Amino acid sequence: MSGAQGSDLNRNPPHPGRLDHAEGASIPLHSRVREAQPRGAVINGDQPIDQAGAAERFIAAPEHERMHDARLWDLRQKRDRQMHGIAEWEDLRRLASEIKEHALTHLDHYLEQFETNARANGIHVHWAQDADEHNAIILSLLRDHGVKRLIKSKSMLTEECGFRDFMAESGVEVVETDLGERIQQLDDEAPSHVVVPAVHKLRSDVAEVFARTLGTDPDDDDVHYLTEQQREKTRPLILDAQAGLTGANFVVAETGTFVVCTNEGNADLSANTPPLQIASIGIEKVIPRLEDLPVFVRLLSRSALGSPITQYTSHFRGPRRGGELHVVLVDNGRSERLGMEQFWTSLKCIRCGACMNTCPVFRRSGGLSYGATYAGPIGLIIDPTFNRHRYSSLPFSSTLNGSCTNVCPVRINIHEQIAGWRRVLAETHELPLMKKVIMREAGHLLSHPALYRTAIATADSALKHLPRFMVYNRLNTWGHGREVPAPPRETFHQWYAANRATKKGKPA
Amino acid sequence: MSSREDILARVRAHKPALARPLPQVPFFDPPPGTDLPATFRESFVRMGGTLPDCGQDDPLDVVRRIMSTAPVTCSRVPEIRGNRSLSDDTPPASLADIDIGVVRASFGVAETGSVCLTEEDLLVNTLGYLPQHLIVLLDPARIVSNLHRAYQRPEWRSMHYAVLQSGPSATADIEGVLVHGAQGVRSLRLFFVPGHDG
Ligand code: SF4
């Protein structure tokens, strides 16, 4: 092996051709004009979310739509480069899927194993049935320790639990430490993406939010300036917080370890600085063994951002010296989902966001248009399990093109499950009237092959008319701002009848 | 305890009764003869870390020279002395004014350019995050090929805290523009220095 000598190795460091780490874009992007940020879906009690209406507003802001689309597509392409760089990529996906399915079909066993090992290492383990119980457990811990301020790392589970609002009402200050999540907190918005929470904002939007909330220069929208200002303003809050909260990406039953992946190191700051450390963890995050962990760590950031690993992959197996560590294992509907025959494998999700980055509807409409904690393809499956009526329109915000399924590192059949929800919603009468009409028309046509063939064989083929009706109605976000391809001059059946069928002497 | 019992009971009642065996995970080793330090260097730099050019000099001298330019320095490495002392009861938040911290990594991972820093390497965990800049010494003999090999290491079963750090703190949350030093260290410099036991 060359270079065992320290002095040789310390010479002439190589230079990177391209910065492919963290969320960094591999192509230069820059918003050109200031444009007001479109706001997300309006939430009106249990009324079904008008995703298409919110998407229309997003598309009506062309600068936002263009940047959003370009940025996410860049992440998708970076992901592809990483995938092609690893010969065993498909093996890893298969392993990840098999490990998760094994863990989920033995979930009680692995949860108990984790609990036993974590307790043996000095971790306090709590169990929460739902969002309310999760919030109450943490509040009582904070009250016991006299905590006035909590620093927090990004966690979708706490978003699910409405944690920030709850703490605000309870008089505990919560400070987000992830830059994107902090931007969203200061702007009083939910994260719009599981990995890049403020991806729908332009630099000018951030400048406006920071000027309003942190007192920065409203005319300076330089990204380095904004990031530095946030660092300087947040640091003192971190240093004298009395508790820190993180989520977890993976939980290892065998060792009682939980793993947190970030690029900013903010989870480590939150966990390691204050005396009290808390982690909120969904029960589906558990994997059996340490040797399973590299499969997921190798897939997660590559799928999410196109970098080989996050800058920080942190492992917590017990409290630090003089510290106290509490883990809250949260169900909040997961155990119910486990029993849904068509949808239980959605629990394999590792929240990499790859399905969002590749989804044409998500890229064009922005995550806030979904009006739910989880947006994009995986959200369309998970959200209706939380509230079937409120999220009844979401499974229609998809082209069912299958791209999400192709990129998913744990091989969830995402587009089939979305189609599955459409069926379930139709059967349980959760379809809005307009969709019922469309489904009935299309269903009738599609279930009668001869009729379908006649329809598409007419000069005004169905590709022009039926899909236009289905694609360009107000309910299908995807149709806004795009054109269907020109219909072929003849249909496949016509071509087949004219060519192959005659040769074989059979009628079509 | 009743929530615990309720959750576990629901999980038991709902978990699909399907045979899903736990697969064997191969090591996916690179071809024999792969130059691990060279692979490590390449990955480390791609993740935003730097390897200062030491020329003919002793890397430890180069570290000392860099340290001499900073007002507040703190070292966990016996060969290097900082001007801020560290003991196991140093309050974690008190490390915030350190300009440069120095630590020795337990091992490195060639595939990802990561260094493993444990609670023992750091003594106070915030030494990895609160200083403005971090310098890491790594024994080139302690580089494993990939993450599968990395997770075979003993640290994961003995330490309460260990991090695979790959480059400095980084963000691109605003328009995809990469910025180092979002919250944690602004730079990560690595020097290959054989360990006494390595
Ligand atoms: S469904 Fe798959 S692709 Fe989408 S976030 Fe989850 S793991 Fe990633």
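As the structure is a prediction and not an experimental result, all values here were calculated from the model. (Residues numbered from 1 in each chain as written. Chains lettered and ligands numbered in written order. Predicted model: local features only at pLDDT ≥ 70, side-chain atom pairs only at ≥ 80, totals over all residues. Heavy atoms only, no water.)

A. Quick look at the overall build of chain B. The helix and strand tally for chain B stands at 6 helices and 10 strands. Considered along the principal axes of its C-alpha atoms, chain B spans approximately 65 × 45 × 45 Å. In chain B, which comprises 198 residues, the share counted as buried stands at 62%. A total of about 7400 Å² of accessible surface is found on chain B, and carbon and sulfur atoms cover 52% of it. Seen as two clouds, the 19 positive and the 23 negative side-chain charges of chain B have centres 6 Å apart. (Helix = DSSP H or I, 4+ residues; strand = E, 2+ residues; numbered from the N terminus. Buried < 20%, exposed > 50% of the residue type's maximum accessible area, 1.4 Å probe, protein only. Areas by Shrake-Rupley, 256 points an atom, 1.4 Å probe, with all protein chains shown as cover. Lys, Arg positive; Asp, Glu negative; His and termini not counted. Charge placed at Lys NZ, Arg CZ, Asp CG, Glu CD.)

B. Representation of the overall build of chain A. Each helix and strand counted, chain A has 23 helices and 10 strands in total. Among the 508 residues that make up chain A, the fraction classed as buried is 62%. Within chain A, contacts between residues at least 6 apart in sequence are counted, and of these 75% link residues at least 24 apart. Just so you have it, chain A exposes about 19100 Å², and 52% of that area is on carbon and sulfur atoms. (Contact = heavy atoms within 4.5 Å.)

C. Geometry of the site of the ligand. Near the ligand lie 13 residues; those nearest to it are Cys349, Cys352, Gly353, Cys355 and Cys408 of chain A. Residues of the shell around the ligand, tallied by class, amount to 11 nonpolar, 1 polar and 1 charged. (Near = heavy atom within 4 Å. Nonpolar A, V, L, I, M, F, W, Y, C, P; charged D, E, K, R; others polar.)

D. Structural view of the packing of aromatic side chains. Under the counting rule described, the total for this entry stands at 10 aromatic pairs over all chains. Centre to centre, the rings of phenylalanine 316 of chain A and tyrosine 161 of chain B are 5.2 Å apart; their planes meet at 45 degrees, and the pair counts as tilted. One end of the pair, phenylalanine 316 of chain A, is in strand S9 (residues 312-316); the other, tyrosine 161 of chain B, is in strand S7 (residues 161-165), on a second chain. Judged on exposure class, the residue phenylalanine 316 of chain A and its partner tyrosine 161 of chain B are both buried. Ring geometry for phenylalanine 107 of chain B versus tryptophan 156 of chain B: centroids 6.3 Å apart, planes at 85 degrees, classification edge-to-face. One end of the pair, phenylalanine 107 of chain B, is in strand S3 (residues 107-109); the other, tryptophan 156 of chain B, is in helix H6 (residues 155-158), and 49 residues separate them in sequence. (Phe/Tyr/Trp six-rings, centres within 6.5 Å; stacked < 30°, edge-to-face > 60°.)

E. Structural context of helix H19 (residues 414-427) of chain A. Residue and element names in this part refer to chain A. If you check H19, its first and last C-alpha atoms are 20 Å apart, about what 14 residues at 1.5 Å a residue would give, namely 20 Å. Burial in H19 covers these residues: Ile414, Gln417, Ile418, Gly420, Trp421, Arg422, Val424 and Leu425. Within two residues after H19, histidine 429 carries a phi angle of roughly 60 degrees, on the positive side. (Expected span 1.5 Å × (residues − 1).)

F. Region of the structure containing the sheet that holds strand S10 (residues 187-192) of chain B. All names here are of chain B. Spatially, the 4 strands line up as an open sheet ordered S1-S2-S5-S10, and their pairing is parallel. Every interior strand has two partners, whereas the edge strands, strand S1 (73-75) and S10, have only one. Shown here is a sheet whose adjacent strand axes are inclined to one another by a mean of 15 degrees, direction ignored. Relative to strand S5 (residues 133-138), strand S2 (residues 100-104) runs parallel, the two being bridged by 5 bridges. (Pairing = 2+ DSSP bridges. Axes fitted to C-alpha atoms, helices over the stretch in contact; angles between N-to-C directions.)

G. Molecular detail of the sheet that holds S7 of chain B. Here 8 strands make up an open sheet; going across it, the order is S8(A)-S5(A)-S6(A)-S9(A)-S7(B)-S4(B)-S3(B)-S6(B) and the pairing mixed. Looking at the sheet topology across the chains shown, the edges are occupied by strand S8 (286-287) of chain A together with strand S6 (143-144) of chain B. Examined bridge by bridge, strand S6 (residues 257-262) of chain A and S9 of chain A share 5 bridges and lie antiparallel to one another. Counted as the bridge partner of cysteine 261 of chain A is threonine 313 of chain A from S9 of chain A.

H. Quick look at the interface of chain B and chain A. Chain B puts 88 residues into the contact, and the matching count from chain A is 118 residues. Summing both partners gives a buried area of about 9000 Å² for chain B against chain A, and 56% of it is carried by carbon and sulfur. Per-residue buried area on chain B facing chain A is highest for Asp173, Glu175 and Gln183 of chain B; these three make up 10% of the total on that side. One salt bridge connects lysine 15 of chain B with aspartate 108 of chain A, and the closest N-O pair in it is separated by 3.1 Å. Broken down by class, the residue content of the side of chain B that touches chain A amounts to 46 nonpolar, 25 polar and 17 charged. As paired elements, S9 of chain A and S7 of chain B share 5 bridges and run antiparallel to each other. Each residue of the ladder has a partner; that of phenylalanine 316 of chain A, found in S7 of chain B, is tyrosine 161 of chain B. (Buried area = accessible area lost by both parts, 1.4 Å probe. Salt bridge = Lys/Arg side-chain N within 4 Å of Asp/Glu carboxyl O.)

I. Here's a closer look at the nonpolar core. Phe250, Leu293, Val295 and Phe296 of chain A together with Leu164 of chain B are the most contacted members of the largest nonpolar core, which has 77 residues in total. Top element by residues in this core is helix H13 (residues 293-304) of chain A. It accounts for 7 residues. Leaving out residues up to four positions away in the same chain, valine 295 of chain A has contacts with Leu92, Leu95, Ala96 and Ile99 of chain A together with Val25 and His148 of chain B. Grouped together as the second largest cluster of nonpolar side chains are 70 residues, Ile238, Ala248 and Val286 of chain A together with Val124 of chain B included. (Core = buried A, V, L, I, M, F, W, Y, C linked by side-chain atoms within 4.5 Å.)

J. Up close: the confidence of the model for chain A. Residue and element names in this part refer to chain A. This prediction gives chain A a mean pLDDT of 87; 81% of its residues lie at or above 70. Low pLDDT, under 50, characterises residues 455-485; the stretch is placed with 63 contacts to residues that sit more than four places away or in other chains. For the stretch residues 503-508, pLDDT sits under 50, and the model shows 5 contacts to residues farther than four places along the chain or on other chains. (pLDDT = per-residue confidence, 0-100.)

K. How the structure looks around the side chain of histidine 68 of chain A. Residues and elements named next belong to chain A. Along the chain, histidine 68 turns up in helix H3 (residues 62-84). Assessed through its relative accessible area of 0%, histidine 68 is described here as buried. Filtering out sequence-adjacent residues up to four positions away, histidine 68 remains in contact with Phe58, Val199, His200, Phe362, Arg363, Gly366 and Gly367.

L. Highlighting the pattern of salt bridges. Evaluated as defined, the whole model comprises 50 salt bridges over all chains. Across the pair glutamate 291 of chain A and arginine 289 of chain A runs a salt bridge, and its minimum N-O distance is 3.9 Å. Here the salt bridges do not stand alone but share partners, grouping Asp108, Glu112, Glu115 and Arg119 of chain A together with Arg4, Glu5, Arg12 and Lys15 of chain B into one network.

M. Quick peek at unusual backbone geometry. Residues and elements named next belong to chain A. Look at aspartate 188: it is not a glycine, yet its phi comes out positive at around 55 degrees. In this structure aspartate 188 comes out as exposed when scored by relative accessible area, which is 70%. Notably, arginine 411 is not glycine yet its phi reads approximately 50 degrees, a positive angle. Within the fold, arginine 411 resides in the loop between helix H18 (403-407) and H19. We classify arginine 411 as partly exposed; its relative accessible area is 41%.

N. Examining the packing of helix H10 (residues 203-214) of chain A against helix H11 (residues 223-239) of chain A more closely. Residues and elements named next belong to chain A. The contact between H10 and H11 brings their axes to 10 Å, and the two run at 30 degrees. Remark: the crossing between H10 and H11 carries left-handed chirality. For the pair H10 and H11, contact is made by Arg203, Val206, Ala207, Phe210 and Leu214 and by Val223, Leu226, Gln230 and Lys233, respectively. Counted by class, the contact of H10 with H11 contains 6 nonpolar, 1 polar and 2 charged residues. (Left-handed = near helix turned anticlockwise from the far one by under 90°.)

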